Amino acid sequence: MKDIHTMIHSKNIQTNKKTEKSDSILICPICGDDLLINEDSGQKNFSCKNNHSFDRAKSGYLNLSHKQKVSGDNKDMVLARTRFLEEGYYSFMADEVINLLKKLHPENLIDIGCGEGWYTRQFSKYADHTYGVDLSKEAILHASKNDNKTQYIVASIYRLPFRADSADVIVSIFTPIPEEEIYRVLKPGGTFISVSPGVMHHYELKEVLYDKVRLNDEPVRLDRLRKAEVLKSSLKVHVKDPMSLLDMTPYRYKCPKEGLQRLEEKKDGLNVTFDFIISVYRKEAE
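Every value quoted in this text rests on a predicted model; they were computed, and no experiment measured them. (Residues numbered from 1 in each chain as written. Predicted model: local features only at pLDDT ≥ 70, side-chain atom pairs only at ≥ 80, totals over all residues. Heavy atoms only, no water.)

### What to know about the pattern of salt bridges
(1) Moving on: Using the criterion set out here, one finds 15 salt bridges in the structure.
(2) Moving on: The salt bridge involving Lys187 is made with Glu107; its shortest N-O contact spans 3.7 Å. In this pair, Lys187 is assigned in strand β11 (residues 186–197) and Glu107 in the loop between α2 (91–104) and β7 (108–112), connecting sequence segments 80 residues apart.
(3) Moving on: With a relative accessible area of 34%, Glu107 lands in the partly exposed category.
(4) Moving on: Between Arg226 and Glu284 there is a salt bridge, with the nearest N and O atoms lying 3.0 Å from each other. Remark: Glu284 occurs in the segment after β13 (270–282) and Arg226 occurs in strand β12 (residues 226–239); sequence separation between them is 58 residues.
(5) Moving on: In this structure Arg226 comes out as partly exposed when scored by relative accessible area, which is 40%.
(6) Moving on: Of the residues examined, Glu284 reaches a relative accessible area of 43% and is grouped as partly exposed. (Salt bridge = Lys/Arg side-chain N within 4 Å of Asp/Glu carboxyl O. Helix = DSSP H or I, 4+ residues; strand = E, 2+ residues; numbered from the N terminus. Buried < 20%, exposed > 50% of the residue type's maximum accessible area, 1.4 Å probe, protein only.)

### Here we look at the nonpolar core
(1) Moving on: Residues Phe84, Tyr90, Tyr119, Phe123, Leu245 and Phe274 are the most contacted members of the largest nonpolar core, which totals 40 residues.
(2) Moving on: Looking at this core, the element that brings in the most residues is α2, giving seven residues.
(3) Moving on: When residues no more than four places from it in sequence are discounted, the contact partners of Phe123 are Ala94, Val97, Ile98, Leu101, Leu109, Asp111, Val171 and Ile173.
(4) Moving on: Counting 28 residues, the second largest nonpolar core, distinct from the first, contains Ile112, Ile157, Phe162 and Ile182. (Core = buried A, V, L, I, M, F, W, Y, C linked by side-chain atoms within 4.5 Å. Contact = heavy atoms within 4.5 Å.)

### A few points about the packing of helix α1 (residues 75–85) against helix α4 (residues 137–145)
Between two packed helices, the angle of one axis relative to the other and the distance separating the axes together describe the packing.
(1) Moving on: In contact at an axis separation of 8 Å, α1 and α4 are set at 45° when each is read in the N-to-C sense. Considering their axes alone, α1 and α4 lie oblique with respect to each other. Regarding α1 and α4, the two cross each other, and that crossing is right-handed. On the side of α1, the interface is formed by Lys75, Val78, Leu79 and Thr82, while α4 contributes Glu138, Ala139 and His142.
(2) Moving on: For the contact of α1 with α4, a count of residues per class yields three nonpolar, two polar and two charged. (Axes fitted to C-alpha atoms, helices over the stretch in contact; angles between N-to-C directions. Parallel < 35°, antiparallel > 145°, perpendicular 65-115°, else oblique. Left-handed = near helix turned anticlockwise from the far one by under 90°. Nonpolar A, V, L, I, M, F, W, Y, C, P; charged D, E, K, R; others polar.)

### A few points about the confidence of the model for the protein
Reading predicted coordinates in detail is not appropriate for stretches of low pLDDT.
(1) Moving on: Confidence along the protein averages 89 in pLDDT terms, with 88% of residues attaining 70 or more.
(2) Moving on: Below pLDDT 50 for its whole length, residues 1–21 participates in 60 contacts with residues either more than four positions away or in separate chains. (pLDDT = per-residue confidence, 0-100.)

### Things to note about α4
(1) Moving on: Every buried residue of α4 is accounted for by Ala139, Ile140, Ala143 and Ser144. Relative to the axis of α4, the buried residues are bounded by an arc of 125° and lie together on one face.
(2) Moving on: Along its buried surface, α4 packs onto α1, β8 (129–134) and β9 (151–154). (Arc of directions from axis to C-beta.)

### Thoughts on the layout of surface pockets
(1) Moving on: Taken as a whole, the largest pocket encloses approximately 1400 Å³ of empty space.
(2) Moving on: Around the largest pocket, the lining is made up of 47 residues, and of these Ile173, Phe174, Thr175, Pro176 and Pro250 lie nearest the centre.
(3) Moving on: Taken together, the elements giving at least two residues each to the lining of the largest pocket come down to α1 and β11.
(4) Moving on: With four residues, the single largest contributor to the lining of the largest pocket is β11. (1 Å grid on protein atoms, 1.4 Å probe; cavity = no way out; pocket = protein on both sides within 12 Å on 5 of 7 lines; lining within 4 Å. Points joined across faces, edges and corners; volume = space filled by probe spheres on them.)

Next comes the structure, spelled out in structure tokens:
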């Protein structure tokens, strides 16, 4: 399988710098024109024909965000999530998504809100070209250091830096759903896979943290994409270190002190339900 940065044709831009016409589907976040690798930069720099230039970090990621302030998960949150996911607790859900990807054989796959890239790295085995997008620079840095096949990008999922009708598959795991952008970027006939928490997700954890447990809402309904399939995947698992689970959830900064203390006392671990809803959507072919 050829890397996206090796399948190239030459092209000149206004500065007379040579750029590589690759299989990349990236666009300039400023003007919207194709974003290509500068041949003269040793693949360290991307430019568009309007001379907007973006440097590639040493680890390979691109920062295409307009935001100057730190956004998204910090380093501690990234490491906590990585530690938990590498224990394999969510692998059964990832396998469900992988089974879908095996049937689809996507050329271009985009993982939006990819975080530290734990899922993206696995999904990349089943696509020709893979892109991971997240607004957290710390998460993208971690992802790019551990996955040299995927092009990781710091950018907002509400302003995806990809051409219209360019992605075969877009995946969203526990992220908000920017439906208009997903619809714009998906090819006609393309597939959107969304993973959301089921109603019982983390129920036992919330029982410890809160006096009254609120069940999760049903997944948001999409209007522009056609729902093709819904898969439900649930498993009760013994979590050896429930604090590691808490550290990767939004409850970490919202739970009462009493609940946090109760969880810290669970020295023998905690049985927790992991409940997922995998929704598969299609963009109607024109």
